[in-house]
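Below are the chains, spelled out letter by letter.
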Amino acid sequence: MSTFDTIDSLPADSRVLVRLDLNSPIEDGEPQDNRRFERHAETVRELADAGHRVVLLAHQGRPGRDDFTSLAGHADILADHVGREVAFVADTYGDEALAAIDALGAGEVLLLENARMCDDELPEESPEAKAETEFVTTLAPRFDAYVNDAYSAAHRKHASLVGFPLALPSYAGRVMETEYEANTAIATREFDGPVTMVVGGTKATDVIGVMDALDDRVDRFLLGGVAGELFLRAAGHPVGHDVGEMDLFDEQWDENRELIESVLDERGDEIRLATDLAYEGPDGDRAEVAVDDIDEKTEGYLDVGSETVAAYEPPIRESDAVFVKGALGVFEDERFADGTVGVLEAIAETDCFSVVGGGDTSRAIEMYGLDESAFSHVSIAGGAYIRALTGEPLPAVEVLEAAAAEQ
Ligand SMILES: Nc1ncnc2c1ncn2[C@@H]1O[C@H](COP(=O)(O)OP(=O)(O)O)[C@@H](O)[C@H]1O
Ligand SMILES: O=C(OP(=O)(O)O)[C@H](O)COP(=O)(O)O
């Protein structure tokens, strides 16, 4: 169980500064709606309905990148989800922002500009250093309390995440609470039956680190995606390297080769690898090949094959808990969705405890019409989910816990 205080303890009629994570895909300069809005809207609605004055802080992208934009468009999307007006001010702690904050009435909601537009926000520093920045010392006196709901950014030591808890009574929002409980479950909960982890996606370095760290917590790993092919390579198959323009395998192989070989050597019995793979055939249709029949890799494998999907379903059905990190194939293309969707369907049909993590992978749930409520938790966190699984501390959670110990 977490040891931070939640918004259940927030005193009535508070002026509250709330950190959300609305970081979103940007297309043609506009933020795209996604689960983060829907989830954070619950916290915002609850606080506004209770009559608090609600001021929101969030970030978008990184300076210098195309996704580094204003939060004006985010306010509109959030307002649709909250079912209330969300005012926006293109300022964070200047006169315009302070005037808008001071003018806010009970139950009203205001979103401040992208926190990363302040020089004080980004350099990663200690909470003590961040608490002394002008950003924090200017805003904090305007508020009675700080709420952190941005679990998915909690691995960053930025001012809006770690500075305010030293300056204000601090609480966890609903997203922070639920993400924390579900994502640490693999380390903290005892399960009666087998624990299975589905491992795929493109970020092989991340997931191999997770496999290594979860050594004694997971009974079996079902592999696909890029990591799956790298393990097949370690097992002696002529796959798991780049062909043509591809840039997914060789670097990650060089980086992880020793670890993959030692994990396979020590835990081979618990690791299930694909026995067949799917690729784009000459007529553009999905084609499949048995791994044992591959003499040379000449094209990209884009999914695990149907024999593999069938073999992965029974262990899922027997599991007491299943954690998913990464897709088994390029599910965005319907021809190569069978592995990812097959596994998600098998999880949805069981009553095991299940967590699906990763921004890309979780999109398969709505793309293929799966019922989100069939999963115990669909995480909106990427990097923070990985860190939770590997047991690495999250600085923004640590400061909330420290604040609770002092409150
Ligand atoms: N064999 C593969 N080749 C290329 N891409 C793959 C393959 N298998 C899965 N993927 C891609 O992996 C992505 C999801 O994984 P990733 O980005 O690592 O994780 P996350 O869900 O954490 O964002 C999907 O978008 C999918 O297209
Ligand atoms: O989207 C985020 O992380 P994620 O891509 O790991 O899910 C967070 O908002 C953190 O953003 P950052 O990785 O630019 O610090």
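Just so it is clear, the structure is predicted and the values come from calculations on it, not from any experiment.

Looking at the site of ligand 1
Item 1. Not every one of the 17 residues close to ligand 1 is listed here, only the nearest: Thr-202, Lys-325, Glu-332, Asp-360 and Thr-361.
Item 2. Here a nitrogen atom of ligand 1 and a backbone polar atom of Tyr-301 are 3.1 Å apart.
Item 3. Protein chains bury 90% of the 570 Å² of accessible surface belonging to ligand 1 in isolation.
Item 4. Broken down by element, the residue count for the shell around ligand 1 peaks at 3 residues, all from helix α14 (residues 359–367).

Regarding the side chain of Ser-170
Item 1. On the secondary structure map, Ser-170 appears in strand β8 (residues 170–172).
Item 2. The buried category is assigned to Ser-170, whose relative accessible area is 0%.
Item 3. At a separation of 2.8 Å, a polar atom in the side chain of Ser-170 contacts the main-chain carbonyl oxygen of Leu-168.
Item 4. The residues touching Ser-170, leaving out its near neighbours within four places in the chain, are Asp-5, Tyr-146, Phe-164, Pro-165, Leu-400, Ala-403 and Gln-407.

Structural notes on the nonpolar core
Item 1. By size, the foremost hydrophobic cluster in this structure holds 86 residues, and its most contacted members are Met-197, Leu-223, Phe-231, Ile-271, Phe-323 and Ile-347.
Item 2. Counting contributing residues, this core receives three or more from each of domain 1 (7–180 + 393–406) and domain 2 (189–375).
Item 3. Not counting residues up to four positions away in its chain, the partners in contact with Leu-223 are Val-199, Met-211, Gly-228, Phe-231, Ile-271, Arg-272, Leu-273, Ala-274, Val-304, Tyr-312 and Leu-328.
Item 4. Within the second largest apolar cluster, 26 residues are counted, among which are Phe-37, Val-44, Val-54 and Leu-71.

Let's talk about the UniProt feature "binding site: ATP" (unreviewed entry) in the protein chain
Item 1. According to UniProt, the "binding site: ATP" (unreviewed entry) feature falls on Glu-332, Gly-358, Gly-359, Asp-360 and Thr-361. In terms of the greatest pairwise C-alpha distance, the residues named above, spread along 30 residues, form a tight cluster of at most 14.4 Å across.
Item 2. You can see Glu-332 is positioned in the loop between β15 (321–325) and α13 (338–349).
Item 3. With a relative accessible area of 38%, Glu-332 lands in the partly exposed category.
Item 4. The topology assignment puts Thr-361 in helix α14.
Item 5. Not counting the four nearest positions on each side in its chain, Thr-361 is found in contact with Val-324, Gly-326, Ala-327, Phe-331 and Val-356.

Points about the UniProt feature "binding site: substrate" (unreviewed entry) in the protein chain
Item 1. In the numbering used here, UniProt assigns the feature "binding site: substrate" (unreviewed entry) to Asp-21, Leu-22, Asn-23, Arg-36, His-59, Gln-60, Gly-61, Arg-62, Arg-116 and Arg-156.
Item 2. Mapped onto the secondary structure, Leu-22 falls in the loop between β1 (15–19) and β2 (26–27).
Item 3. A residue is classified by how much of its surface remains accessible, and Leu-22, at 0% relative accessible area, is buried.
Item 4. Once residues within four sequence positions are removed from consideration, Leu-22 is found in contact with Arg-36, Phe-37, His-40, Ala-58, His-59, Gln-60, His-74 and Leu-78.
Item 5. Take His-59: it is sitting in the loop between β4 (53–57) and α2 (72–82).
Item 6. Residue classification places His-59 among the buried residues on the basis of a relative accessible area of 2%.
Item 7. Ignoring any residue separated from it by four or fewer positions in sequence, one finds His-59 in contact with Arg-19, Asp-21, Leu-22, Asn-23, Leu-71, Asn-114, Ala-115, Arg-116 and Ala-153.
Item 8. Engagement of the side chain of His-59 in a polar contact is seen with the side chain of Arg-19, the distance being 3.1 Å.

Considering the confidence of the model for the protein chain
Item 1. Per-residue pLDDT for the protein chain has a mean of 95; in total, 100% of the residues score no lower than 70.
Item 2. Among the scores for the predicted complex, ipTM is 0.94 and pTM is 0.91.

With respect to the domain arrangement of the protein chain
Item 1. Partitioning the protein chain into structural domains gives domain 1 (7–180 + 393–406) and domain 2 (189–375).
Item 2. Each of domain 1 and domain 2 has a C-alpha centre, and the two are 35 Å apart.

Digging into helix α12 (residues 306–317)
Item 1. For α12, spanning 12 residues, the distance from its first C-alpha to its last is 17 Å, which sits close to the expected 16 Å at 1.5 Å a residue.
Item 2. All of the buried residues along α12 are Thr-308, Val-309, Tyr-312, Pro-315 and Ile-316. Viewed end-on, α12 has its buried residues packed into an arc of 125°, placing them on one side of the element.

Conventions and cut-offs
- Residues numbered from 1 in each chain as written.
- Chains lettered and ligands numbered in written order.
- Predicted model: local features only at pLDDT ≥ 70, side-chain atom pairs only at ≥ 80, totals over all residues.
- Heavy atoms only, no water.
- Near = heavy atom within 4 Å.
- Polar contact = N/O pair within 3.5 Å; in protein donor to acceptor, adjacent residues only side chain to side chain.
- Areas by Shrake-Rupley, 256 points an atom, 1.4 Å probe, with all protein chains shown as cover.
- Helix = DSSP H or I, 4+ residues; strand = E, 2+ residues; numbered from the N terminus.
- Buried < 20%, exposed > 50% of the residue type's maximum accessible area, 1.4 Å probe, protein only.
- Contact = heavy atoms within 4.5 Å.
- Core = buried A, V, L, I, M, F, W, Y, C linked by side-chain atoms within 4.5 Å.
- Domains from an automatic or database assignment.
- UniProt positions renumbered as here; feature names shortened; annotations may be inferred.
- pLDDT = per-residue confidence, 0-100.
- Expected span 1.5 Å × (residues − 1).
- Arc of directions from axis to C-beta.

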